[in-house]
Every structure is written in structure tokens, then in C-alpha cells.
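Structural description and commentary
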Amino acid sequence: MTREEALDSVKANVENENLVKHMLATEAIMRALARRLNEDKEEWSLAGLLHDIDVELTSGDMNTHSKLGADLARDLGASEAVAHAILCHNKAHDIPRETKLDKALFCVDPLTGLITAAALIRPDKKLAGLEAKSVKKRFKEKSFAAGADRQQISLCSEIGLELDEFIELGLKAMQSIAADLGL
Ligand SMILES: [Fe+2]
């Protein structure tokens, strides 16, 4: 499956534009992380791009979310490693995250929300002028973008990154596709 085919499939299954943007942001950070960690960029970015493909199909039901997504990813031709990362990114299933790819997708997922929220409270609502230290400050404000699970983001330590570097890498990755994100 090409990246374009994967994106077409995401768009065919997801109407909510913000959700598509969330998957694009996750894809971009996963790609940057794979580059940083010398991992497979195609696999890691594909896991990011597809990870929430089933959210509308499952109507947000956490008991089926990501199970269907993993099946869809397999049907599209994704590897078992990618399907597993998608499957266990939903903590409701309590499936252990074993590989670096599993762990990476899990901590990247909420980081996109924190960075997006930090951009949206700026007067220009843009990512361009946002600095990593501002995102870090927001990270410490528990009530800010409370849905972005701080503990989950902090699990970047499990893939060998300090929080500061993780935030900086995530921010740069999202800035590089700011136009696609409308930010
Ligand atoms: Fe997600």
C-alpha cells in the first residue's frame, strides 16, 4: 500500500477533518521519531497515519476502537507490527505494548493534542511561532488540554527520549506540515 492509498482510506472512513489532521500530525511525529531512533520510517509513519481510522466506524466505542482499526490496517496490507501498534494504542484493551513501535505510537498520540492546543491559544493560532518551551510550560499546567494525558506523553522515556527532546521533535514535525494541519 502506498502512503497515498493509506491516506485515501483514512479519508474514506473519517469525515471529521480534525480527526484526519490528528492522524496526519501523528504520522509526521512518528516519521521524525523513526528517523531519530533509526527505525523503519515507512512502518512507523503508516502506524501513525492509520491509527484512528476506525473512530467513526466504531462511534467512539472504546471496546471496539482499535480492534477494527488493526483489522482494517491488515486488510490494507499493513504489517502485523503496524496492526499490533494500532491495536494496543487503545489502553482500554489492556494489551501490553511490547515493541518500540507500540510504545512510540502510544506516547505520540496525546502529544499531538497538547501541541495543537498550545498553537490554538496563540493570537495567530499558528504553529510557526510556537516554541518548545511554551509547550513544556503547558505540559505542566494540568488543566490545560486536560485530555492530553501527561503520563502517557511521559512514556517517551520508554523509547529513550527525554520529555524535552520529545516535545521539541514533535513540535518540529508538526511545524513541517503546518499547512496540512491548517495551523
Ligand atoms: Fe489518536
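Structure shown above.
Report on the accompanying structure.

Grouped together as the largest cluster of nonpolar side chains are 59 residues, with contacts concentrated most on L33, L127 and F166. Residue assignment for this core shows that the elements contributing at least two residues are α1 (3-13), α2 (17-37), α3 (41-50), α5 (80-88), α6 (100-120), α7 (132-140), α9 (163-175) and α10 (178-181). Of the residues forming this core, the biggest block, twelve residues, is contributed by α2.

Attention shifts here to the side chain of N90. Its location among the elements puts N90 in the loop between α5 and α6. According to the relative accessible area criterion, N90 is buried, its value standing at 6%. Within the local environment of N90, its side chain forms a polar contact with the backbone oxygen of H65, the two atoms lying 2.9 Å apart. With residues up to four places along the chain from it excluded, the contact list for N90 reads M62, H65 and S66.

Let's shift gears to the coordination of the iron ion. The protein atoms that coordinate the iron ion are H22 (NE2), H51 (NE2), D52 (OD) and D109 (OD), at distances of 2.1 to 2.2 Å. Coordination at the iron ion is irregular: its four donor atoms span angles of 83 to 172° at the metal. Expressed as a motif, the donor residue spacing for the iron ion is H-x28-H-D-x56-D. Separated by 30 residues along the polypeptide, H22 in helix α2 and D52 in the loop between α3 and α4 (67-76) bring together distant segments of the chain. Exposure remark for D52: the relative accessible area of 7% places this residue in the buried category.

Moving on, we get to the packing of aromatic side chains. Per the stated rule, a full pass over the model turns up zero aromatic pairs. The ring of F106 carries R97 above its face, with NZ or CZ at 3.5 Å from the centroid. Its guanidinium or amino end placed over the ring of F144, R138 lies 5.0 Å from that ring's centre, counting from NZ or CZ.

Time to look at the pattern of salt bridges. Any two side chains of opposite charge can pair if their charged atoms end up close together. Summed over all chains, the structure comprises eleven salt bridges. With a closest N to O distance of 3.7 Å, E42 and R31 form a salt bridge. Pair noted here: E42 is in helix α3 and R31 is in helix α2, with a separation of eleven residues, a long-range link. The shortest N-O distance in the salt bridge between K91 and D149 comes to 2.9 Å. Here K91, found in the loop between α5 and α6, pairs with D149, found in the loop between α7 and α8 (150-154); they are 58 residues apart in sequence, far enough to count as distant. In this structure K91 comes out as partly exposed when scored by relative accessible area, which is 45%. For D149, a relative accessible area of 25% puts it in the partly exposed group. One salt-bridge network, held together by shared partners, links D71, R74 and E80.

What counts as what
Residues numbered from 1 in each chain as written. Predicted model: local features only at pLDDT ≥ 70, side-chain atom pairs only at ≥ 80, totals over all residues. Heavy atoms only, no water. Core = buried A, V, L, I, M, F, W, Y, C linked by side-chain atoms within 4.5 Å. Buried < 20%, exposed > 50% of the residue type's maximum accessible area, 1.4 Å probe, protein only. Helix = DSSP H or I, 4+ residues; strand = E, 2+ residues; numbered from the N terminus. Polar contact = N/O pair within 3.5 Å; in protein donor to acceptor, adjacent residues only side chain to side chain. Contact = heavy atoms within 4.5 Å. Donors = N, O, S within 2.8 Å, 3.2 Å for Na, K, Ca; no water. Tetrahedral: all angles 85-135°; square planar, octahedral: opposite > 155°, others 65-115°. Phe/Tyr/Trp six-rings, centres within 6.5 Å; stacked < 30°, edge-to-face > 60°. Lys NZ or Arg CZ within 6 Å of the ring centre and 35° of its normal. Salt bridge = Lys/Arg side-chain N within 4 Å of Asp/Glu carboxyl O.

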